[in-house]
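Given next are the chains, with one letter for each unit.
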Amino acid sequence: MKKYFIFLLSIMFVMTSVNHSAFARTPFSKELRDALALIKSDTAQMGEPRLEGETLSFGSTKINGDFTLVDSLKAKFGVNATFFVKKGDTFIRVSTNVMKDGNRAVGTILDPSGPAIAAIRKGDVYYGFADILGNIYDTAYEPIRNAKGDIIGIYFVGHQLMFAERSKAKKN
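Cut-offs used in this document
Every residue gets a number counted from 1 within its own chain, in the order that chain's sequence is written. With pLDDT at 70 or above as the cut-off, local features in this predicted model cover only qualifying residues; side-chain atom pairs require 80 or more to be listed or tallied, and sums for whole chains, interfaces and linings still use all residues. Side-chain calculation: all heavy atoms of the structure are included, whereas hydrogens and water are not. A helix here means a DSSP run of H or I that spans at least four residues, while a strand means a run of E at least two residues long, and both kinds are numbered starting from the N terminus. Partly exposed describes any residue whose relative accessible area lies between the buried limit of under 20% and the exposed limit of over 50%, with all areas from a 1.4 Å probe on protein chains only and scaled to the type maximum. Only heavy atoms enter the contact rule, under which two residues are in contact if any of them lie within 4.5 Å. All accessible-area figures derive from a Shrake-Rupley calculation using a 1.4 Å probe, and residue coverage is judged against the displayed protein chains alone. Note on terminology: a nonpolar core comprises buried Ala, Val, Leu, Ile, Met, Phe, Trp, Tyr and Cys residues joined through side-chain atoms within 4.5 Å. By definition, two strands form a pair when at least two bridges between them are found by DSSP. Only the stretch in contact is used when a helix axis is fitted, and all axes are lines through C-alpha atoms; the angle between N-to-C directions ranges over 0 to 180 degrees.

Peer 1: Explain the overall build of the protein residue by residue, including any values.
Peer 2: Within the protein, the regular secondary structure consists of 5 helices and 10 strands. Going through the 172 residues of the protein one by one, you find that 40% of them count as buried. Long-range pairs, those at least 24 residues apart, make up 50% of the contacts in the protein between residues at least 6 apart in sequence. Of the accessible surface of the protein, which amounts to about 9,700 Å², a share of 57% is contributed by carbon and sulfur atoms.

This is the structure we're talking about:
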């Protein structure tokens, strides 16, 4: 019994010590990795990312209000996607296929106390579960950096978990 207890404690220690930017293995892991790689590749082909006021652009392509890229990821991988822009200490959705009250959740902010924001503020990628506007998602967030290396936004891809999947996520 004592060995079992020590084993459980060591697992709990490892789980709490793990860097959240490390990649979590879930049923959607490959989709999220592939979708994040594609959105980064597509935007890199457009040009350098830049932020002018609250407008995010890649090269001459303005992302705000343009849903082409996020909708193409939904069609190809079945994932939700968002571009966030940095405004002060917050990040605001400017292009998304995440829905709120039947509409795209443009203008809503990234949860300032959620697990992803801590990784992003350190410049790290975050993979893991997150509550997005009241729904649980398996997610990937990665900072968008300008030519100087400053974080100006965030790439997000995620898969909304259904009821049975949510139960498993809450237990983990």
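Peer 1: If you had to explain unusual backbone geometry to someone new, which residues and values would you point to?
Peer 2: With glycine set apart, most residues show a phi of negative sign, and most peptide bonds adopt trans. A positive phi angle, near 55°, is found at aspartate 101, a position not held by glycine. With respect to the helices and strands, aspartate 101 occurs in the loop between strand 6 (99-100) and strand 7 (103-104). Taking relative accessible area as the criterion, aspartate 101 reaches 71% and is therefore assigned exposed. Within the chain, leucine 133 stands out as a residue other than glycine whose phi angle is a positive 50°.

Peer 1: Let's hear about the nonpolar core: which residues, and what values?
Peer 2: Residues Leu56, Leu73, Phe83 and Val157 are the most contacted members of the largest nonpolar core, which totals 23 residues. Of all the secondary structure elements, the ones that give two or more residues to this core are helix 2 (29-46), strand 2 (55-58), helix 3 (68-77), strand 4 (80-87), strand 5 (90-96), strand 9 (135-145) and strand 10 (151-160). Counting residues in each nonpolar core, the second largest holds 17 residues, with Leu110, Ala116, Ile120 and Tyr126 among its members.

Peer 1: Requested: an account of the pairing of strand 8 (residues 126-132), with residues and values cited.
Peer 2: Burial runs high along strand 8: 5 of the 7 residues are buried. Connecting strand 8 to the next strand, strand 9, in antiparallel fashion are 2 residues, including leucine 133 with a positive phi near 50°.

Peer 1: Report on the sheet that holds strand 9, specifying residues and quantitative values.
Peer 2: In sheet architecture, strand pairing relies on hydrogen bonds along the backbone and comes in two forms, parallel and antiparallel. The antiparallel open sheet is built from 5 strands, whose spatial order is 5-4-10-9-8. Each end of this open sheet is capped by a strand with a single partner; those strands are strand 5 and strand 8. If you compare each strand with its neighbour and ignore which way they point, the axes differ by 35° on average. Here helix 2 sits on the sheet in contact with strand 4, strand 8, strand 9 and strand 10, set at roughly 145° to strand 10. Where helix 3 meets the sheet, it contacts strand 4, strand 5 and strand 10, and its direction lies at approximately 150° from that of strand 4.

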